[in-house]
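Close look at the chain arrangement
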Amino acid sequence: MVVAAALLLAVVIDSAQAGPDLGNWRVDADGDGQVTASLYATNKLITGGGALGYSPVLTLACRPGGEPRWSEWLQLNDAVSASRKITMSVMVDGGSKFDESWSVGPRGKLLVREGDDGIKRLVSANRLLLSWRFGLLSGRGEADFELAGLSEAIGQIAASCNTDPP
C-alpha cells in the first residue's frame with residue numbers, strides 16, 4: 001500500500017511539473033538569444049530524385065532586441081528556383097486561400113517571412129496549409145501543419161524573448 005501511494009504521489013508531482021502542452025512543437029534557444037519553435041509538416045514531399053520523402057519544417061522565431069523581432073520560416077530539402085521573393089499561398093483552418101510574399105533564403109531551401117503579423121494569424125488557428133511553386137516547370141510544393149500547442153509555444157517563446165506575444 002505504501003509503495004502504491006508513493007508511486008501515485010510521484011506521478012502527480014511529475015505531471016504538475018511537466019509544464020504547458022506544446023503538442024509536437026520543439027522550442028529551442030541559440031547562443032545569440034534567438035528563441036524558436038519548430039514543427040514538422042504532417043505530409044511528406046518527394047525529393048527531386050523521387051526516391052525519398054521528407055517533411056518540411058515550420059519555425060517561428062523571436063530575436064530579443066532585433067528588428068523585426070518575430071519571423072517565421074519554412075525549411076525545405078529541395079530548392080525553389082526563385083532568387084529573392086516567392087509567392088506563398090496560405091490557408092488557415094480551411095478558410096479561403098490568400099497569397100503572401102516570402103523571401104528566399106540561402107540556396108533556395110529556406111523561405112522566410114519577417115514580422116509578427118504572420119504569427120498573429122496563427123495564434124488561434126488549428127491548421128496551416130502552405131503551398132508554393134518550386135519553379136516554372138517543376139510543380140508545386142505543399143506543407144500541412146497541425147498546430148496543436150501553438151499558443152503555448154508562442155507564450156514560451158515570448159517569455160524567453162522578454163516580449164509580449166504577437
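Residues numbered from 1 in each chain as written. Predicted model: local features only at pLDDT ≥ 70, side-chain atom pairs only at ≥ 80, totals over all residues. Heavy atoms only, no water.

Some remarks on the overall build of the protein chain
Tallying secondary structure elements over the protein chain gives three helices and 11 strands in all. When the elements of the protein chain are put in sequence order from the N terminus, they spell out α-β-β-β-β-β-β-β-β-β-α-β-β-α. Taking all 166 residues of the protein chain together, the buried fraction comes to 40%. Sequence-distant contacts in the protein chain: of pairs separated by 6 or more residues, those separated by 24 or more amount to 54%. Approximately 9300 Å² of the protein chain is accessible, and the part contributed by carbon and sulfur atoms is 54%. (Helix = DSSP H or I, 4+ residues; strand = E, 2+ residues; numbered from the N terminus. Buried < 20%, exposed > 50% of the residue type's maximum accessible area, 1.4 Å probe, protein only. Contact = heavy atoms within 4.5 Å. Areas by Shrake-Rupley, 256 points an atom, 1.4 Å probe, with all protein chains shown as cover.)

Remarks on the sheet that holds strand E5 (residues 57–62)
Taken in spatial order, the nine strands of this open sheet run E1-E2-E5-E6-E9-E8-E7-E10-E11, and their pairing is antiparallel. Only two strands of the sheet have a single partner each, and these edge strands are strand E1 (26–29) and strand E11 (140–146). Put simply, the sheet's adjacent strands are angled 30° from each other on average, direction ignored. Taken strand by strand, helix H3 (residues 150–160) contacts E1, strand E2 (35–40), E5 and strand E6 (70–75), and its axis lies near 160° from that of E2. (Pairing = 2+ DSSP bridges. Axes fitted to C-alpha atoms, helices over the stretch in contact; angles between N-to-C directions.)

Focus on the pairing of strand E8 (residues 98–104)
In this sheet, E8 lies alongside strand E7 (residues 85–92) in antiparallel orientation, the contact comprising six bridges. Across the sheet, the residue bridging to Val90 is Phe98, located in E8. Taken together, E7 and the strand that follows it, E8, pair antiparallel across an intervening segment of five residues, in which Asp93 is found at a positive phi of about 50°. Hairpin connection, E8 to strand E9 (residues 110–114): the antiparallel pair is bridged by five residues, and Arg107 has positive phi, about 55°.

Quick look at the environment of Tyr40
Along the chain, Tyr40 falls in strand E2. Setting aside its immediate chain neighbours within four residues, Tyr40 contacts Ser55, Pro56, Val57 and Phe145.

Looking at H3
Each full turn of the α-helix corresponds to 3.6 residues, which orients residues three or four apart in the same direction. Taken together, the buried positions of H3 are occupied by Leu150, Ala153, Ile154, Ile157 and Ala158. What you see down the axis of H3 is that its buried residues fit within an arc of 135°, all on one side. Positioned one or two residues after H3, Asn162 has a phi angle of 55°, which is positive. (Arc of directions from axis to C-beta.)

Considerations on the side chain of Ser89
Among the structural elements, Ser89 can be located in strand E7. Within polar-contact distance, the side chain of Ser89 engages the side chain of Asp99 at 3.0 Å. With residues up to four places along the chain from it excluded, the contact list for Ser89 reads Lys97, Phe98, Asp99, Leu129, Leu130, Ser131 and Arg140. (Polar contact = N/O pair within 3.5 Å; in protein donor to acceptor, adjacent residues only side chain to side chain.)

Here's the deal with the state of the cysteines
Here a disulfide denotes one covalent bond, and it connects the sulfur atoms of two cysteines. Taken as a whole and assessed by the stated rule, the structure comprises one disulfide. Residue Cys62 pairs covalently with Cys161 via a disulfide, S to S 2.1 Å. An S-S torsion of about -85° defines the bridge between Cys62 and Cys161 as left-handed. Separated by 99 residues along the polypeptide, Cys62 in strand E5 and Cys161 in the segment after H3 bring together distant segments of the chain. The pair Cys62 / Cys161 is uniform in exposure class, with both members buried. (Disulfide = S-S within 2.5 Å.)

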